[in-house]
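Take a look at the letters that make up each chain.
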Amino acid sequence: MITLKSPREIAGMAHSGAILAGVHQMLRGKLHVGMDTWDIETMVDDYITAHDAIASEKGVDGYKYATCISINDEVAHAVPRKGLKLQNHDLLKVDLCVNWHGYQSDSAWSYVIGESTPEIDHLMHVAHEALYRGIAQAQVGNRIGDIGNAIEGWIETENHMGDVRELIGHGIGPSVHELPDVEAYGLPHTGMRLREGMVITIEPMVNLGTWELATKYMPDGWEYYTSADHTLSAQYEHTLAITKNGPKILTSQDPEFDQQYLLTPAELDFTDL
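My aim in this report is to walk through the structure given alongside it, one point at a time. Numbers given to residues run from 1 along each chain, matching the order in which its sequence is written. Totals for whole chains, interfaces and linings use every residue, but because this is a predicted model, local features are given only for residues with pLDDT of at least 70 and side-chain atom pairs only at 80 or more, for both listing and counting. Values shown for side chains rest on all heavy atoms present in the structure; no hydrogens or waters enter the calculation.

**A word on the overall build of the chain**
Move 1: Each helix and strand in the chain was counted, giving five helices and 15 strands.
Move 2: The C-alpha radius of gyration computed for the chain amounts to 17 Å, which stays within 12% of the reference 19 Å derived for 273 residues, consistent with globular compactness.
Move 3: The C-alpha extent of the chain, read off along each of the three principal axes, is 45 × 45 × 35 Å.
Move 4: Across the 273 residues that make up the chain, the buried fraction comes to 54%.
Move 5: Whether two residues are in contact is decided by their heavy atoms, any of which lying within 4.5 Å being enough. Counted over contacts in the chain with a minimum sequence separation of 6, partners at least 24 positions apart contribute 70%.
Move 6: Note that accessible areas follow from Shrake-Rupley with a 1.4 Å probe, and for residues the cover is restricted to the protein chains shown. For the chain, the exposed area adds up to about 11,500 Å²; of that, 52% sits on carbon and sulfur atoms. Runs of E in the DSSP output that reach at least two residues are strands. Runs of H or I that reach at least four are helices, and both are numbered from the N terminus. This radius of gyration counts C-alpha atoms alone. The globule rule is 2.2 Å times how many residues there are, raised to the power 0.38. Relative accessibility under 20% of the residue-type maximum defines a buried residue, over 50% an exposed one, and the middle range a partly exposed one, all with a 1.4 Å probe and only protein chains included.

This is the structure we're talking about:
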């Protein structure tokens, strides 16, 4: 089922998204070489709890943690691991969901640990730009394929990198994962038409080499994914609402950069939230 959200519900999801964005803003000042990935998990979980919210990754398909933490060729769904230390040049992806009073948000971000390289910088730029090219197409009356085509053309045609197909964005709220599926690839003018009140995630995952994935398993049997050729992978994800005034990012970390995509103060002003 696809649920269309009211302005009040979208404002509530924006409050949830602000908490989630705060997590990523916090991490940028704390990630460092030698840091244990379990410390990231603990910090994130504590931050969410301190802001009167719940880490809603926990319990999804039996998942145990507040974060998904994927490093280098790990594309998605890897877990925080005690004793796994961040190394210089690591490309870290942190993905999490927040539930604030029933309002959900979902966002992932990529970070380079220690010193970067031109190759890592370019990969991160391509993935970040892919996200925003997708967001620009998230207009009332456009179709899901318009989002995917803008992303795919940028990643593969213009930059000759791998646009992951097996993992996709999705609708969100009140559950973490809902319809519609939001692929990061596709043909223009195809797929479901976007309607006012939809809230979706757009989350391109970009591999330096092939778009194909390999399935791996943690010692407890949890399934995660790497690039099939073990090249580096980057991911960025926002939650956004489809409105008559264009797409509105609900998980923005940078109000100046995202200015054209933000709800107005009046649109956020619901005193009964």
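**Observations concerning the nonpolar core**
Move 1: Ranked by internal contacts, the top residues of the largest apolar core, which has 65 residues, are Leu 27, Leu 31, Ile 40, Leu 92 and Ile 202.
Move 2: The element contributing the most residues to this core is helix H3 (residues 118-136), with nine residues.
Move 3: The residues touching Ile 202, leaving out its near neighbours within four places in the chain, are Leu 131, Gly 134, Ile 135, Ala 138, Ile 147, Ile 151, Val 182, Tyr 236, Glu 237, His 238 and Leu 240.
Move 4: Only buried Ala, Val, Leu, Ile, Met, Phe, Trp, Tyr and Cys residues count toward a nonpolar core, and they belong to the same one when joined by side-chain atoms within 4.5 Å. Among the nonpolar cores identified, the runner-up in size contains eight residues, and Tyr 63, Tyr 65, Ala 78 and Tyr 224 belong to it.

**Notes on the sheet that holds strand S3 (residues 74-76)**
Move 1: When DSSP finds two or more bridges between a pair of strands, those strands are recorded as paired. The sheet built from three strands is open, its strands ordered S3-S12-S11 with antiparallel pairing. Lying at the two open borders of the sheet, with one neighbouring strand each, are S3 and strand S11 (213-217). Strand after strand, the sheet turns through a mean of 45° between neighbouring axes, direction not considered.
Move 2: Here five bridges tie S11 to strand S12 (residues 223-227), and the two strands are oriented antiparallel to one another. Its bridge partner lying in S12, Ala 214 is registered against Thr 226. Axis definition: a line fitted to C-alpha atoms, limited for helices to the stretch in contact. Angles are taken between N-to-C directions and run from 0 to 180 degrees.

**A word on the layout of surface pockets**
Move 1: By volume, the largest pocket is sized at about 440 Å³.
Move 2: Forming the walls of the largest pocket are 23 residues, and the residues nearest its centre are Glu 57, Asp 61, His 77, Asp 95 and His 177.
Move 3: At the level of secondary structure, the elements contributing two or more residues to the lining of the largest pocket comprise strand S4 (91-100), strand S7 (169-171) and S12.
Move 4: Residues are grouped as follows: nonpolar covers Ala, Val, Leu, Ile, Met, Phe, Trp, Tyr, Cys and Pro; charged covers Asp, Glu, Lys and Arg; every other residue, Gly included, is treated as polar. Classifying every residue of the lining of the largest pocket gives 10 nonpolar, five polar and eight charged. Grid spacing is 1 Å over the protein atoms alone, the probe is 1.4 Å, and a cavity is where that probe fits but cannot get out, while a pocket is an open set with protein on both sides within 12 Å along at least five of seven lines and lining residues have an atom within 4 Å of a point. Grid points are joined across faces, edges and corners, and a volume is the space filled by probe spheres set on the points.

**A word on the pairing of strand S2 (residues 67-71)**
Move 1: For S2, the buried fraction is high: five of the five residues fall into the buried class.
Move 2: Side-chain alternation along S2 places Thr 67, Ile 69 and Ile 71 on one buried face and Cys 68 and Ser 70 on a second face that is also buried.
Move 3: Looking at chain direction, S2 and S4 are connected through five bridges and run antiparallel. Across the sheet, Cys 68 pairs through a bridge with Asp 95, a residue of S4.

**Describing the sheet that holds strand S13 (residues 233-235)**
Move 1: If you trace the three strands from one edge of the open sheet to the other, you get S6-S10-S13, paired in antiparallel fashion. With partners counted over all chains shown, the strands left at the sheet margins are strand S6 (162-163) and S13, one partner each.
Move 2: In this structure, S6 lies alongside strand S10 (residues 205-207), joined through two bridges in antiparallel fashion. Note that in S10 the partner of Asp 163 across the bridge is Val 206.

**Quick look at unusual backbone geometry**
Move 1: That bond from Gly 173 to Pro 174 is cis: its omega, 5°, falls within 30 degrees of zero.
Move 2: With respect to the helices and strands, Pro 174 occurs in the loop between S7 and strand S8 (178-182).
Move 3: A positive phi angle, near 55°, is found at Asp 61, a position not held by glycine.
Move 4: Within the fold, Asp 61 resides in the loop between strand S1 (54-55) and S2.
Move 5: If you check the backbone angles, His 160 has positive phi at about 55° while not being a glycine.
Move 6: Counting through the fold element by element, His 160 comes out in the loop between helix H4 (144-158) and S6.
Move 7: According to the relative accessible area criterion, His 160 is exposed, its value standing at 63%.

These results come straight from atomic positions and should not be treated as a statement about function.
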